[in-house]
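Each chain, written out:
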Amino acid sequence: MIFRPIVPQEINTVLAQVRPDPSTAVSADMVRARLADGEYRLNWIWVAEPCPGRAPLAVAIWWGSPAEARPSSLDALFARSDPLWSFAAPRRRTPSVPEPITDPRSAVAAALLVAAHRVFAADGLAPPPDYHLLLPSGWRDRPEVAASVAWRRRAAEAAGLRLSVERLRFERSTGRPVPSFSDRLLFTPEPDDEVFVDLFRRSLLKTLDTLSIRQVLRTGTAVHARSEIAFYRREMRGRRSWWRIARTAAGQVVGFVIPSHNSVVPMVGYLGVLPEFRGRGYAAELLAEATRILAAETPSEVVRAETNLTNHPMVAALELVGYRDRIRRLVFSAA
């Protein structure tokens, strides 16, 4: 078995294996579009082939910002389900897990991920990128979706990636009026990035956002705060002028919100309420302000926002402002 990144002349052969299924919307056309804008790279698309010249048995596609030299996440994983071949997966890293998987798709996909992770690590990328699966809400009750997730999950776990968080992706139509809850807060722009770095850092105390908690454990609060502000400033497509700080009538800073835009749609990039002001309904007011800005400043028909499954206050705020749960995002991580 050969595991390697692809070369330009074989792109059509590889993309023939890329077909949307119940657990991924990545298509051949999407791959071509993201190759063109730099979110995918040829050396971030890996294949497992039985021998040179044969059609690949598995394909893995990593995503990254056009501004970055290394991938940020695994976007898609495909493997053929042909019954006429077999492959033994590498042993899982934790001794409490049973013997290596025997399902051919999971086995070859796991080996492909392990090979790519070794090369990424040699290039200084460690731990390996997270694996993101986008699923319909209620996916566990749909057998075809659950089955397509199951073999990918076995592959991810055999490669050392465990399910770390389940995220909820909410959407709201921009055509609907945004509710006004009160006149308690004054929203103002702030040109100094350092002010946002400080507010971001302070808002991380006792946060319920699982992804933020993981990053703080990896890098520390100050580093994470600065890197996130830099990410929204330099890598997202939202305008810096959209960012807002929320203050009370007495001038006390309550929190901040960063309306933004990814490569597809406008989104509520980050929202933070300072710990001393939590529990007073301010998150919904910050969210409503971000929604008004994005509805007014972009031509999109929808605005997106995400939070993790266990962040009940943010889920409640999103529902109060009129967002609806549309997509679940499973995140598999090495740490």
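For the structure itself, consult the block above.
Rules and cut-offs
- Residues numbered from 1 in each chain as written.
- Predicted model: local features only at pLDDT ≥ 70, side-chain atom pairs only at ≥ 80, totals over all residues.
- Heavy atoms only, no water.
- Helix = DSSP H or I, 4+ residues; strand = E, 2+ residues; numbered from the N terminus.
- Buried < 20%, exposed > 50% of the residue type's maximum accessible area, 1.4 Å probe, protein only.
- Contact = heavy atoms within 4.5 Å.
- Salt bridge = Lys/Arg side-chain N within 4 Å of Asp/Glu carboxyl O.
- Axes fitted to C-alpha atoms, helices over the stretch in contact; angles between N-to-C directions.
- Parallel < 35°, antiparallel > 145°, perpendicular 65-115°, else oblique.
- Left-handed = near helix turned anticlockwise from the far one by under 90°.
- Nonpolar A, V, L, I, M, F, W, Y, C, P; charged D, E, K, R; others polar.
- Phe/Tyr/Trp six-rings, centres within 6.5 Å; stacked < 30°, edge-to-face > 60°.
- Lys NZ or Arg CZ within 6 Å of the ring centre and 35° of its normal.
- Pairing = 2+ DSSP bridges.

Asker: Where do I start with the side chain of R329 in this structure?
Answerer: Residue position: R329 is located in strand 12 (residues 324–333). Classification of R329 by relative accessible area gives buried; the value is 12%. Setting aside its immediate chain neighbours within four residues, R329 contacts H132, L133, L134, V165, E166, R167, L211 and E306.

Asker: Just checking my understanding: could you explain the pattern of salt bridges for this structure?
Answerer: Should their charged atoms come close, side chains of opposite charge can pair. This model, assessed by the stated rule, comprises 29 salt bridges. Notably, a salt bridge pairs R32 with D29, separated by 3.7 Å at the nearest N-O pair. Of the two residues, R32 and D29 both sit in helix 2 (residues 28–37), 3 residues apart, roughly one turn of that helix. In this structure, E289 and R292 form a salt bridge, with 3.4 Å as the shortest nitrogen-oxygen distance. One end of the pair is E289 and the other is R292, both in helix 8 (residues 282–297) and 3 residues apart, which spans about a single turn. A network of salt bridges, in which partner residues are shared, links R167, R169, D209, E306 and R329.

Asker: Looking at this structure, I do not really get the packing of helix 5 (residues 193–203) against helix 7 (residues 221–234). What am I missing?
Answerer: Helix 7 packs onto helix 5 with a crossing angle of 130° between their chain directions and a minimal axis gap of 9 Å. In this view, helix 5 runs oblique relative to helix 7, as classed from their interaxial angle. As for the relative orientation of helix 5 and helix 7, their crossing is right-handed in sense. Here D193, E194, F196, V197, F200 and R201 of helix 5 come into contact with helix 7, specifically with T221, H224, A225, R226, E228, I229 and R233. When grouped by side-chain class, the residues that make up the contact of helix 5 with helix 7 number 5 nonpolar, 2 polar and 6 charged.

Asker: Looking at this structure, I do not really get unusual backbone geometry. What am I missing?
Answerer: Trans peptide bonds make up most of the peptide bonds, and negative phi angles are found at most residues other than glycine. Between A126 and P127 the backbone carries a cis peptide bond, its omega angle lying at 0°. Within the element layout of this structure, P127 appears in the loop between helix 3 (104–122) and strand 5 (130–136). At K206, a position not held by glycine, the phi torsion is positive, near 60°. Here K206 lies in the loop between helix 5 and helix 6 (210–219). A relative accessible area of 71% places K206 in the exposed class.

Asker: Is there a simple way to explain the packing of aromatic side chains in this structure?
Answerer: Counted under the stated rule, the structure contains 10 aromatic pairs. A ring pair is formed by W46 and F120, whose centres lie 6.4 Å apart and whose planes are at 75°; its orientation type is edge-to-face. Here W46 is found in strand 2 (residues 45–49), whereas its partner F120 is found in helix 3, with 74 residues between them in sequence. Just as W46 is buried, F120 falls in that class too. Their ring planes at 75° and their centres at 5.2 Å tell us that F231 and Y232 sit as a pair that is edge-to-face. With a relative accessible area of 25%, F231 lands in the partly exposed category. Y232 gets classed as buried once you look at its relative accessible area, which sits at 8%. Here a set of aromatic residues connected by ring pairs shows up, and it is made of F196, F200, W243, F256 and Y270. Here the guanidinium or amino end of R152 rests over the ring plane of F78, the centre of that ring lying 5.9 Å away.

Asker: For this particular structure, what's the right way to read the pairing of strand 10 (residues 266–273)?
Answerer: The two faces of the sheet receive side chains in turn, since in a regular strand these alternate between them. Burial of strand 10 is extensive: 8 of the 8 residues sit out of reach of the surface. As paired strands, strand 9 (residues 253–261) and strand 10 are joined by 7 bridges and run antiparallel to one another. The residue bridging I258 from the neighbouring strand is Y270, located in strand 10. Remark: 4 residues form the turn of the hairpin made by strand 9 and strand 10, two consecutive strands paired antiparallel.

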